[in-house]
Amino acid sequence: MSDAIKVLVVDDHPMVADGICAILESYDDIEVVATLSNGQEALDRVDELSPDVILMDLNMPQMGGLTATEFLLERKPDIRILILSMHDAPEYVSTAMSHGARGYLLKDVPTDEIHRAIQAVMRGETYLCGGATASLSPNTSDGRESLTAREQTILLQLAQGKSNKEVAVDLDISVHTVETHRKNIKRKLGINSTAGLTRYAMEHGVLQGTGVEF
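My aim in this report is to walk through the structure given alongside it, one point at a time. Values in this document were obtained by computation on a predicted structure and should not be read as measured data. (Residues numbered from 1 in each chain as written. Predicted model: local features only at pLDDT ≥ 70, side-chain atom pairs only at ≥ 80, totals over all residues. Heavy atoms only, no water.)

Description of the overall build of the protein
From N to C terminus, the protein includes 10 helices and six strands. Every one of the 214 residues in the protein was classed for burial, and the buried ones make up 46%. Once local pairs closer than 6 in sequence are excluded, the contacts in the protein between residues at least 24 apart make up 64%. (Helix = DSSP H or I, 4+ residues; strand = E, 2+ residues; numbered from the N terminus. Buried < 20%, exposed > 50% of the residue type's maximum accessible area, 1.4 Å probe, protein only. Contact = heavy atoms within 4.5 Å.)

Next comes the structure, spelled out in structure tokens:
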């Protein structure tokens, strides 16, 4: 197994994580180094585990997949992160890719497709499953300026009702930086209130699966 691809599975649903682990361990070229339940655990143990590929869920407690992807790639730029999610909204797919993910898989893909995706990203390719590709049909005709990856992360947190201070703590940045990003997000989206940000996030699928109601 010395030349096997080392895979870390990060998902807060034990049955899902165990199922993925069982699937991957049936392949001779895959070694599952651990299954973890949130992004913070992945960040804490990435040096110890040294994975080649991380299969990452999006919505998890403590630290979700988007924030974890950003922090992990800052620390380990060579890691390939594959998002494995139930959400096919285009905002989820595009935001994950803009955060540095190398691919996006829906959880209902055939088991052998997960294996193919891992092999693809190890070759330096990007991999989107059919459902993710379909959701990324061009939709930029409104002329809006695109949000950066960090702005998209902050939009998600603000739309969940977090204060500037809470966002700053979560992302390890200053409150002033959060306030600057918040102003830029509102300007780019043409929105003047936090309620408007939440409404935008709901309407565009950003809050899908987070449990937030508006």
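Read on for the rest.
Quick notes on the packing of helix 7 (residues 149–159) against helix 8 (residues 164–171)
Interaxial distance between helix 7 and helix 8 falls to 10 Å at its minimum, and their mutual angle equals 130 degrees. Compared by their axis directions, helix 7 and helix 8 come out oblique. Of the two possible hands of crossing, helix 7 and helix 8 adopt the one that is right-handed. Where helix 7 approaches helix 8, its residues Arg150, Thr153, Ile154, Gln157 and Leu158 are matched on the opposing element by Asn164, Val167, Asp170 and Leu171. A class-by-class count of the residues in the contact of helix 7 with helix 8 yields four nonpolar, three polar and two charged. (Axes fitted to C-alpha atoms, helices over the stretch in contact; angles between N-to-C directions. Parallel < 35°, antiparallel > 145°, perpendicular 65-115°, else oblique. Left-handed = near helix turned anticlockwise from the far one by under 90°. Nonpolar A, V, L, I, M, F, W, Y, C, P; charged D, E, K, R; others polar.)

Things to note about the sheet that holds strand 6 (residues 127–128)
One key point about sheets: their strands pair by backbone hydrogen bonds, in either a parallel or an antiparallel sense. The sheet built from six strands is open, its strands ordered 2-1-3-4-5-6 with parallel pairing. Each having just a single partner strand, strand 2 (30–36) and strand 6 make up the two edges of the open sheet. Where strand 4 (residues 80–85) lies against strand 5 (residues 103–106), four bridges are found, and the strand directions are parallel. Each residue of the ladder has a partner; that of serine 85, found in strand 5, is leucine 106. The sheet strands contacting helix 2 (residues 39–49) are strand 1 (5–10) and strand 2, and the helix crosses strand 2 at an angle near 140 degrees. (Pairing = 2+ DSSP bridges.)

As for the nonpolar core
Within the largest apolar cluster, 65 residues are counted, with the highest numbers of intra-cluster contacts made by Val7, Leu24, Leu55, Met56, Leu72, Tyr104 and Ile118. Among residues more than four places away in sequence, those in contact with methionine 56 are Val10, Gly65, Ala68, Thr69, Leu72, Ile81, Leu82, Ile83 and Leu84. (Core = buried A, V, L, I, M, F, W, Y, C linked by side-chain atoms within 4.5 Å.)

Considering the pairing of strand 4
Counting buried positions along strand 4 yields five of six residues, so the element is predominantly enclosed. Pairing analysis gives four bridges linking strand 3 (residues 53–56) to strand 4, with the strands arranged parallel. Note that in strand 4 the partner of leucine 55 across the bridge is leucine 82. Once the chain exits strand 3 it traverses helix 3 (residues 65–75) before rejoining the sheet at strand 4, and the crossover so formed is right-handed. In this fold, strand 4 hands off to helix 4 (residues 90–98), which returns the chain to strand 5; that crossover is right-handed. (Right-handed = clockwise from strand over helix to strand, strands pointing away.)

Let's talk about the side chain of threonine 67
Secondary-structure assignment places threonine 67 in helix 3. Leave out the neighbours within four places in its chain, and threonine 67 touches Thr153, Gln157 and Leu171.

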